[in-house]
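Chains, contacts and geometry: an overview
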Amino acid sequence: MLSELPEEMLVRILSQLALNDILHMSSVCASFRSAADVVYRNLRNRIRGECGQKVSLLNFSDVKSLLFSKYGYILGLWKIVSTVYGGLLEVKFDGFRFIGTRYYPPPGDNVNEPLRLKKVFIIDVDDEGVFECICLRGNNGFHNADISKFEENGFQLHCKDSEIHQHPLGPSAEFDLFLCEELGIKKVDEIHRSELKMSKYETLSQESIVKCIRLPLPLHRDNAVIQPGLFKGTYSAHGIELVLLSYNDGDKSAIITKITGDDNVPAGEITITADLSQQKFETNKESDSLPLSSAGLPVQRFELSSSIYSRSDEVPEFCLYRFNSNGQVAYTGFDNPTFIKGEWVIFDSVSFGHIWLMLHSFSIYKRVTETFV
């Protein structure tokens, strides 16, 4: 029987398995549990070594119990509220430590691209029960940080040495790197050095305290014209931003709120509202010959007028629904915010658009496909 093998052999066998399988095997018998503990400690210490942490002898149950008892409240999905640019952050337990990952919109104007992600902090615990919060931001190595509660339903990450975030080659090189990541380019020239991006860079590069409020995702709605949730949308020169679609007033209105924001309309503000009480229909002589959607719904032909500008090359030819809407605009600094008339257009189960009539522009939105705990 396998349980009668020497522990060294069992360790070699279990080392070939994924962590979940190792933990499952640890419940088989005492021999497997002892070997699984050895494998777990080896894996965990390899990871701790990458961050310059001391060797630990804690097993999985000890690590999980200690971390969850102290910091379990920060697990899950959060919206960042430190600056007007907002953000999306998720905290997970990977079996060894807590990891905070920040999600950024895709670069450029392609909403089909996946979210960009960066690990921003980890929380671990040593054999003496001392918790270790480590900031992963910057270009000069790992450094200490602190996690504390923020307001009634949030937490904040405070980096204790934000100067380490600075690029070793100086602010100019750091700004170029920021632009490449934001715009999805490999080399920066003067045409990319806009004041919009400079303002965003200066704010985020000095962000030593990241404040987070829990972000509950809306539940499935049986009669929704499109299911609620997170979407990526184009916002002219600001690029792609993350928004949350939800419904109000018994599904009679749609509300789209910014999760990431810009210098004009910041994160946390409503960007679009739509009145769902009455559909709009475009008269079309070809309506009888138009195809049905995959769900068997009749579709309408969709075409932007020549006066409407879209930064995205992707403009669908057909749509399912059209509704009157209002989109919020403002001057820099959220000065004089105003809702202007528009049209909310549902294309399919994963995409919608918005026509900003007064601005003569069109935004396309695609559902975020990443899954969150």
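Details of the structure are given in the entry above.
Here is a short report on the structure shown in this document. As the structure is a prediction and not an experimental result, all values here were calculated from the model.

Definitions and cut-offs
- Residues numbered from 1 in each chain as written.
- Predicted model: local features only at pLDDT ≥ 70, side-chain atom pairs only at ≥ 80, totals over all residues.
- Heavy atoms only, no water.
- 1 Å grid on protein atoms, 1.4 Å probe; cavity = no way out; pocket = protein on both sides within 12 Å on 5 of 7 lines; lining within 4 Å.
- Points joined across faces, edges and corners; volume = space filled by probe spheres on them.
- Helix = DSSP H or I, 4+ residues; strand = E, 2+ residues; numbered from the N terminus.
- Nonpolar A, V, L, I, M, F, W, Y, C, P; charged D, E, K, R; others polar.
- Axes fitted to C-alpha atoms, helices over the stretch in contact; angles between N-to-C directions.
- Parallel < 35°, antiparallel > 145°, perpendicular 65-115°, else oblique.
- Left-handed = near helix turned anticlockwise from the far one by under 90°.
- Contact = heavy atoms within 4.5 Å.
- Buried < 20%, exposed > 50% of the residue type's maximum accessible area, 1.4 Å probe, protein only.
- Polar contact = N/O pair within 3.5 Å; in protein donor to acceptor, adjacent residues only side chain to side chain.

The next point concerns the layout of surface pockets. As a volume, the largest pocket reaches approximately 640 Å³. As for the largest pocket, its lining consists of 29 residues, and the residues nearest its centre are Tyr104, Lys118, Arg137, Phe178 and Glu181. Only strand S3 (98-104), strand S4 (116-125), helix H5 (171-183) and helix H6 (195-205) provide two or more residues apiece to the lining of the largest pocket. Its residues placed into classes, the lining of the largest pocket shows ten nonpolar, eight polar and eleven charged. The computed volume of the second largest pocket comes to approximately 390 Å³. Lining the second largest pocket are 20 residues; nearest its centre among them are Tyr235, Ser236, His238, Val329 and Leu359. Here the lining of the second largest pocket is composed, by residue class, of nine nonpolar, eight polar and three charged.

Attention now goes to the packing of helix H1 (residues 7-14) against helix H3 (residues 30-50). Close contact between H1 and H3 brings their axes to 9 Å; oriented N to C, the two are set at 60°. One way to sum up the angle between H1 and H3 is to call them oblique. Note on packing geometry: the crossing formed by H1 with H3 is right-handed. The residues of H3 that touch H1, namely those facing Glu7, Leu10, Val11 and Leu14, are Ser31, Phe32, Ser34, Ala35, Ala36, Val38 and Val39. Grouping the constituent residues of the contact of H1 with H3 by class yields eight nonpolar, two polar and one charged.

To continue, consider unusual backbone geometry. Of note, Glu151 is a non-glycine position whose phi angle comes to about 55°, a positive value. As for its placement among the helices and strands, Glu151 is situated in the loop between strand S6 (143-150) and strand S7 (154-159). Classification of Glu151 by relative accessible area gives exposed; the value is 62%. In this structure, Ser236 takes a positive phi of about 40° despite not being glycine. Judged by relative accessible area, Ser236 falls into the partly exposed class, the value being 44%.

In this section: the environment of Glu241. Counting through the fold element by element, Glu241 comes out in strand S10 (residues 240-248). Overall, the relative accessible area of 2% leaves Glu241 in the buried class. Expressed as a C-alpha distance, the spacing of Glu241 and Ala267, which sit 26 residues apart in the sequence, is 9.3 Å. The residues contacting Glu241, other than those within four sequence positions of it, are Pro105, Phe231, Lys232, Gly233, Tyr235, Lys258, Thr260, Gly261 and Asp262. One polar contact links Glu241 to Lys258, side chain to side chain, over a distance of 3.0 Å.

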